[in-house]
Amino acid sequence: MPQSPIAENRSGPRYVAAFPVRAEWDTSDGVHIVAEGETENVGPEGTLIHLQRELPPVGGRVSLLVLGDDGEKLRVVAEVLRIERNPAHPQAALQVLGSTDEWRGLVWEEALIKMTEADEDYDDDDY
């Protein structure tokens with residue numbers, strides 16, 4: 001029996017990169033949550049982030065601030081696609097809504113540079 005191919009919804013490669021982030025959202029009870037964490041990987045239209053405690057609801061909107069060495073790198077609004085409720089490592093997959101050109105230029109392309117530099121550093125350590 002032939003197997004049907006699985007559709008890949010990603011619009012480009014994801015790069016492993018740890019950028020510090022701050023996510024903000026409102027709960028259904030009207031409580032404003034501010035959570036800090038970091039990116040696990042970065043794609044051209046979204047990211048997987050690790051947060052310390054709280055996770056936003058699936059389908060909810062999050063204000064995501066990506067931080068750089070000099071403070072604020074980029075602030076975007078993102079939709080929560082899925083969450084991982086692992087108590088040791090809670091994660092949320094986010095899709096950027098609008099601002100995708102800025103996201104690609106300031107975050108995604110820098111993630112590629114960081115990953116490439118990390119690979120080169122690793123290669124230099126080889127005997």
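Details of the structure are given in the entry above.
On a predicted model such as this, the values are computed, not experimentally measured, just so you know. (Residues numbered from 1 in each chain as written. Predicted model: local features only at pLDDT ≥ 70, side-chain atom pairs only at ≥ 80, totals over all residues. Heavy atoms only, no water.)

1. Observations concerning the overall build of the chain
Logical step 1: Helix and strand content of the chain: 1 helix and 7 strands.
Logical step 2: When the helices and strands of the chain are listed from N to C terminus, the series reads β-β-β-β-β-β-β-α.
Logical step 3: Considering the chain as a whole, with its 127 residues, one finds that 33% of them fall into the buried category.
Logical step 4: Looking at the chain as shown, the accessible area adds up to about 8,300 Å², and 47% of this sits on carbon and sulfur atoms. (Helix = DSSP H or I, 4+ residues; strand = E, 2+ residues; numbered from the N terminus. Buried < 20%, exposed > 50% of the residue type's maximum accessible area, 1.4 Å probe, protein only. Areas by Shrake-Rupley, 256 points an atom, 1.4 Å probe, with all protein chains shown as cover.)

2. Details of the side chain of glutamine 91
Logical step 1: Checked against the element boundaries, glutamine 91 lands in strand E7 (residues 91-97).
Logical step 2: Aside from chain neighbours lying at most four places away, what touches glutamine 91 is Glu40, Leu48, Ile49, His50, Leu55, Arg82, Ile83 and Glu84. (Contact = heavy atoms within 4.5 Å.)

3. Things to note about the environment of tryptophan 108
Logical step 1: Tracing the sequence through the fold places tryptophan 108 in helix H1 (residues 100-124).
Logical step 2: Residues tryptophan 108 and glutamate 45, spaced 63 residues apart in sequence, show a C-alpha to C-alpha distance of 8.4 Å.
Logical step 3: Discounting chain neighbours no more than four positions away, the residues touching tryptophan 108 are Pro13, Tyr15, Val42, Gly43, Pro44 and Trp103.

4. What about the nonpolar core?
Logical step 1: With 27 residues, the main nonpolar core has Val42, Leu64, Leu94 and Trp103 as its most contacted residues.
Logical step 2: Breaking this core down by element, the ones donating at least two residues are strand E2 (20-26), strand E3 (32-42), strand E4 (46-51), strand E5 (61-68), strand E6 (71-84), E7 and H1.
Logical step 3: Among the elements that line this core, the one with the most residues is E6, at 5 residues.
Logical step 4: Leave out the neighbours within four places in its chain, and leucine 64 touches Val21, Arg22, Ala23, Thr47, Ile49, Leu74, Arg75, Val76, Leu94 and Trp103. (Core = buried A, V, L, I, M, F, W, Y, C linked by side-chain atoms within 4.5 Å.)

5. Regarding the pattern of salt bridges
Logical step 1: Scanning all chains against the criterion turns up 6 salt bridges.
Logical step 2: Linking arginine 75 and glutamate 72 is a salt bridge whose minimum nitrogen-to-oxygen distance equals 3.5 Å.
Logical step 3: We classify glutamate 72 as exposed; its relative accessible area is 52%.
Logical step 4: One salt-bridge network, held together by shared partners, links Glu45, Asp101 and Arg104. (Salt bridge = Lys/Arg side-chain N within 4 Å of Asp/Glu carboxyl O.)

6. With respect to the side chain of threonine 39
Logical step 1: Residue placement: threonine 39 occurs in strand E3.
Logical step 2: Within the local environment of threonine 39, its side chain forms a polar contact with the backbone oxygen of alanine 17, the two atoms lying 2.5 Å apart.
Logical step 3: Within the local environment of threonine 39, its side chain forms a polar contact with the backbone nitrogen of phenylalanine 19, the two atoms lying 2.8 Å apart.
Logical step 4: Not counting chain neighbours up to four residues away, the residues in contact with threonine 39 comprise Ala17, Ala18, Phe19, Val21, Thr47, Leu48 and Ile49. (Polar contact = N/O pair within 3.5 Å; in protein donor to acceptor, adjacent residues only side chain to side chain.)

7. Considerations on the packing of aromatic side chains
Logical step 1: For the coordinates displayed, the defined rule picks out 1 aromatic pair.
Logical step 2: Pairing tyrosine 15 with tryptophan 108 gives two aromatic rings, centres 5.6 Å apart and planes at 25°, and the pair type is stacked. One end of the pair, tyrosine 15, is in strand E1 (residues 15-16); the other, tryptophan 108, is in helix H1, and 93 residues separate them in sequence. For the pair formed by tyrosine 15 and tryptophan 108, the shared burial category is buried. (Phe/Tyr/Trp six-rings, centres within 6.5 Å; stacked < 30°, edge-to-face > 60°.)

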